[in-house]
Amino acid sequence: GGYTGFTALFGNVNVAPQISPGGPVTDLDGDVIADSNGNPGFPGFDPTPAQTLGYLATMLEAGVPVVTGYIEDAHDNNQQALSGVDPNDVGFFGPGEAGYVTTLAAYNKAFGQFFARLANDGITKENTLFIITADENDHFVGGPPSPTGCDGITMPCTYAEKGEIDNILDSVIATEFGDTTPFAIHFDSAPTFYISGNPGQTDLATRNLEREADAALGFDPVAGPNGSTNHLTAALADQAEQKLLHMVTADPNRTPNFIMFGNPDYYFLTSGKTPPPLCTPDLRGCSSISDSDAWNHGDFQNQITKTWLGMVGPGVLNKGRFGDIFSDHTDIRPTILRLASLKDDYAHDGRVLFEALSSDVLPNSLRENQDTLSALAEAYKAINAPRGTLGAHTLTGISTTALKGDDATYASLEGQIEAITARRNQIAGQMIDMLEDAAFIGQPIDEGQANRLIAEAYDLIASVP
């Protein structure tokens, strides 16, 4: 329906004159922020820390109260201006390589400049909330580092082999199983399958591809001089499991027939040809070491999904590094709103991370019965977060077993997943209502009801075969 009296500025061409009327926005070192052709403005997908933080500082100094920025990853060789790093040398770094260490030093320098500049403006952790996080972690694909004992600090590391394994998935399936059913995938380490014609979940084409994806083998050229053959799939999810994992949107065209969560060393592509060309019998022809990336993400493994969140500002406890509570990205927004004494008109998927906040900024409803509230929040995340205990167990257990099994097994286990999802939705819906009411309208929790829901949540997890 639109907004009454609402206006916005889109793009640097419109924003820059308002926040930097004296000329183009500059980075922390005073250089004009520009694209690769020298045009002033956003540099694209890989802004350096000095560029992003310089733009954010300029917005804050111009009176914009809430700003958000994205910074490039540190393991790709994007920092072409860094002394000691040859941009033509390699496209990416392995852990402990000299170029990686140099890049991280540039990150440290930029953040130091950023906070010093803001402090000079009177913007400090005493009056401003700072939140820094990563959208995900990455899994490094490469051989062992050399020399033995290198750490990147006292001794740089080098790698004889590094690079994700690019695997041509439709060619692999055609070679191993003779199945040339056309399908498209989202290129990544956890490819989403979109089968031509969008057959149903029990259609023969869907079921065959699910079983074949589970059994498919790939050639790993990174594993020593002669390579090795290994399984490509770690887990499978069809649309029933996707609903449990909150992966189904309101647009049915976005919902894949199934998802293959792959071996994190592999990056999956398709040939783009119909029928796809066959691999060599030893599968070597369908796998190659990437010369553009060695870091995989977008999968479910702990190394990829377990990341970090840093917060500092008024009302945030100085707890240092701790991992006592499970949280994910959905918890950031309600935590910000609670600290700002604001509330929204809809329920969040996440919850306020009140364990990291001072009691001085919490309402009585969050200070009272905090042990029970924490237990309630922990149980809520365990059954509702996609990477929580319930999601992890169903994905790697009954979902994968169902998709690779026969039709009778599939039907039985699919029914279990749907029943678990329905029950989860009931329990989680009551839990988030209690957590939201306590956080934003001052409603104390009913301790008896909270304990009942906690018990029901863990009973549900225990029911997963």
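This text goes with the structure placed above it.
Along each chain, numbering runs from 1 in the same order as the chain's sequence is written. Thresholds applied to this predicted model are a pLDDT of at least 70 for local features of residues and 80 or more for the giving and counting of side-chain atom pairs; totals over whole chains, interfaces and linings are not thresholded and use all residues. With hydrogens and water set aside, each side-chain value is computed from the structure's full complement of heavy atoms.

**Comments concerning the overall build of the chain**
Basically, it comes down to this: Counting from the N terminus, the helices are the DSSP runs of H or I reaching at least four residues and the strands are the DSSP runs of E reaching at least two. Contact criterion: two residues are considered in contact whenever any of their non-hydrogen atoms come within 4.5 Å of each other. Just so you know, the count uses Lys and Arg for positive and Asp and Glu for negative, and it drops His and the chain ends. Charge placement uses NZ in Lys and CZ in Arg. For Asp and Glu, CG and CD serve respectively.
Scanning the chain from terminus to terminus reveals 13 helices and 15 strands. Seen through its C-alpha atoms, the chain measures out along the principal axes to roughly 65 × 65 × 50 Å. For the chain, long-range pairs separated by at least 24 residues make up 68% of all intrachain contacts whose partners lie at least 6 apart in sequence. In the chain, 24 positive and 60 negative side-chain charges are present, and the distance between their average locations comes to 6 Å.

**Some words on the environment of Asn226**
Relative to the helices and strands, Asn226 is located in the loop between β8 (217-220) and β9 (228-231). Contacts of Asn226, omitting those with residues within four sequence positions, involve Phe219 and Arg284.

**What to know about the side chain of Asn384**
Structurally, Asn384 can be placed in helix α10 (residues 370-384). With sequence-adjacent residues up to four places away left out, Asn384 is seen in contact with His246, Asp349, Arg424 and Ala428.

**Describing unusual backbone geometry**
In this structure, the amide linkage connecting Ser146 to the following residue, Pro147, adopts the cis form with an omega of -5°. By the secondary structure assignment, Pro147 is in the loop between β3 (145-146) and β4 (158-159). Omega for the bond connecting Thr274 with Pro275 falls within 30 degrees of zero, at -5°, which places this linkage in the cis form. Considering the arrangement of structural elements, one finds Pro275 in the loop between β12 (266-269) and β13 (287-289). With phi around 55°, Asn369 is a residue other than glycine that occupies positive phi space.

**A short note on the sheet that holds strand β10 (residues 233-238)**
Quick reminder of the rule: What makes two strands pair is DSSP finding at least two bridges between them. As a rule, the C-alpha atoms of each element are fitted with a line to give its axis, helices using only the stretch in contact, and angles between N-to-C directions run from 0 to 180 degrees.
In spatial order, the strands read β6-β7-β11-β10; together these four strands make up an open sheet with antiparallel pairing. Because the sheet does not close on itself, it has two edges, and the strands there are β6 (183-185) and β10. Pairs of neighbouring strands in the sheet enclose a mean axial angle of 25°, with direction left out of account. Pairing analysis gives five bridges linking β10 to strand β11 (residues 258-262), with the strands arranged antiparallel. Considered in β11, the bridge of Ala235 is made with Phe261. On the sheet, helix α4 (residues 169-177) packs against β6, β7 (192-195) and β11 and is oriented at approximately 140° with respect to β6. This element, helix α5 (residues 204-215), spans β6, β7, β10 and β11 of the sheet and lies at about 160° to β10.

**Structural notes on the environment of Met155**
Tracing the backbone through its elements, the reader meets Met155 in the loop between β3 and β4. Sequence separation between Met155 and Ala62 is 93 residues, and the spatial gap between their C-alpha atoms is 44 Å. Ignoring sequence-local partners within four residues, the contact set of Met155 consists of Pro147 and Cys150.

**Let's talk about the pattern of salt bridges**
Oppositely charged side chains can form a pair if their charged atoms are brought close together. To keep things clear, this is the line we draw: For this document, the term salt bridge refers to a Lys or Arg side-chain nitrogen within 4 Å of an Asp or Glu carboxyl oxygen. The buried label goes to any residue with under 20% of its type's maximum accessible area, the exposed label to any with over 50%, and the partly exposed label to all in between, with areas taken from a 1.4 Å probe on protein chains only.
Considering all chains together, one arrives at 13 salt bridges under this definition. The shortest N-O distance in the salt bridge between Lys162 and Glu97 comes to 2.3 Å. You can see Lys162 sitting in the loop between β4 and β5 (165-168) and its partner Glu97 sitting in the loop between α2 (49-61) and α3 (98-120), a full 65 residues away along the chain. By relative accessible area, Lys162 is classed as buried at 15%. A salt bridge links Asp407 to Arg207; its shortest N-O distance comes to 3.5 Å. Of the two residues, Asp407 is situated in helix α12 (residues 407-440) and Arg207 in helix α5; the sequence distance between them amounts to 200 residues.

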